[in-house]
Amino acid sequence: MSLAIFSSSLKSSAFKTARVATTITSRPSSAIWSQRFYSTENKENKDDKEAAPAQEAAPAGEATEAAGEQKNTAHEEALAAKDKQLAEVKDRLLRTLADMENLRQRTAKEVANTKDYAIQKFAKDLLDTADILNMAIKNVPEDQIAESSDNTHLKSLHTGVSMTRDELLKTFKRYGVESFDPMNEKFDPNLHQANFQVPMPGKEPGTVFDVQKIGFMIKGRVLRPAQVGVVQSTD
């Protein structure tokens, strides 16, 4: 009986010892597997971390390229604005130069006109003197100044008055004042002043048949119109 109990106890102890040994023996393989699992996981995490910067680098490069394009666009807009401003400044400069040239020409013309017509009032005041001399010459009878006439004093006076009148007209002409006699010319209201009209058979209506005062012009401008008589139309 005791031997059987002892044998049973011995078998039970041996079984427990074998079970413990089996447990101890099986543990290293689990540890190795766990170690390999953790190593593989760490490697994958490391690879993911290394790949992450490469993935992040792409958006950074695109951002840099976009910033460069924006910068180029800003430069182009700035250049376009400068070109527009330059064109406006050039246009204003050309307009200013044109205005200055027009002003210079107008000023030069005004100076020339002032110089040409500076004696206009003075010459006009002397026209009455020329009219008086003409009147004196015309009122002398032709027979009294003929060569056959013995009236030497009147002839000398007539000659002196005629020379004075001619010298005055020459002086006028030297300063741009010229006389004109429209006898037998067509009446021109821009040059002539009609004092009276008379119907005259055989003469064309509107023709000057009498000149009471000759006309004068200064540098192509009428200083005084000729005072004339005009043939009147009989219609």
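A quick note: this is a predicted structure, and the numbers were derived from the prediction, not measured.

Student: Tell me about the layout of surface pockets, and please be specific about residues and values.
Tutor: Space inside the largest pocket adds up to approximately 340 Å³. What lines the largest pocket is a set of 14 residues, among which Asn-134, Lys-138, Val-211, Gln-212 and Lys-213 lie closest to the centre. Broken down by secondary-structure element, the contributors of at least two residues to the lining of the largest pocket are helix 2 (120-138), helix 3 (152-174) and strand 3 (208-213). Each residue belonging to the lining of the largest pocket can be placed in one class, and the counts come to five nonpolar, four polar and five charged. Shared between two domains, the lining of the largest pocket takes at least three residues from each, and those domains are domain 2 (119-175) and domain 3 (177-234).

Student: Got a sec to walk through the nonpolar core? Specific residues and values, please.
Tutor: Phe-172, Val-177, Phe-216, Leu-223 and Val-228 are the most contacted members of the largest nonpolar core, which totals 20 residues. Mapped onto this core, the elements with two or more residues apiece are helix 2, helix 3, strand 1 (177-180), strand 3, strand 4 (215-218) and strand 6 (226-232). In terms of residue count, helix 2 provides more of this core than any other element does, five residues in total. Taken domain by domain, the makeup of this core includes at least three residues from each of domain 2 (119-175) and domain 3 (177-234). Beyond its immediate chain neighbours, meaning those up to four positions away, Val-228 contacts Pro-182, Phe-187, His-192, Gln-193, Ala-194, Asn-195, Phe-196, Val-208, Asp-210 and Val-211.

Student: Can you tell me about the sheet that holds strand 4, naming the residues and giving the values?
Tutor: Strand order across the open sheet formed by three strands is 1-4-5, with antiparallel pairing between neighbours. One side of each edge strand has no neighbouring strand; the edge strands of this open sheet are strand 1 and strand 5 (221-224). Recorded for the sheet is a direction-independent mean angle of 35° between the axes of neighbouring strands. Bridge count for strand 4 against strand 5 is three bridges, and the pairing is antiparallel. Each residue of the ladder has a partner; that of Phe-216, found in strand 5, is Arg-224. Across the face of the sheet, helix 2 comes into contact with strand 1, strand 4 and strand 5 while running at roughly 50° to strand 5. Against the sheet, helix 3 contacts strand 1 and strand 4, and its axis sits at roughly 125° relative to strand 1.

Calculation criteria
Residues numbered from 1 in each chain as written. Predicted model: local features only at pLDDT ≥ 70, side-chain atom pairs only at ≥ 80, totals over all residues. Heavy atoms only, no water. 1 Å grid on protein atoms, 1.4 Å probe; cavity = no way out; pocket = protein on both sides within 12 Å on 5 of 7 lines; lining within 4 Å. Points joined across faces, edges and corners; volume = space filled by probe spheres on them. Helix = DSSP H or I, 4+ residues; strand = E, 2+ residues; numbered from the N terminus. Nonpolar A, V, L, I, M, F, W, Y, C, P; charged D, E, K, R; others polar. Domains from an automatic or database assignment. Core = buried A, V, L, I, M, F, W, Y, C linked by side-chain atoms within 4.5 Å. Buried < 20%, exposed > 50% of the residue type's maximum accessible area, 1.4 Å probe, protein only. Contact = heavy atoms within 4.5 Å. Pairing = 2+ DSSP bridges. Axes fitted to C-alpha atoms, helices over the stretch in contact; angles between N-to-C directions.

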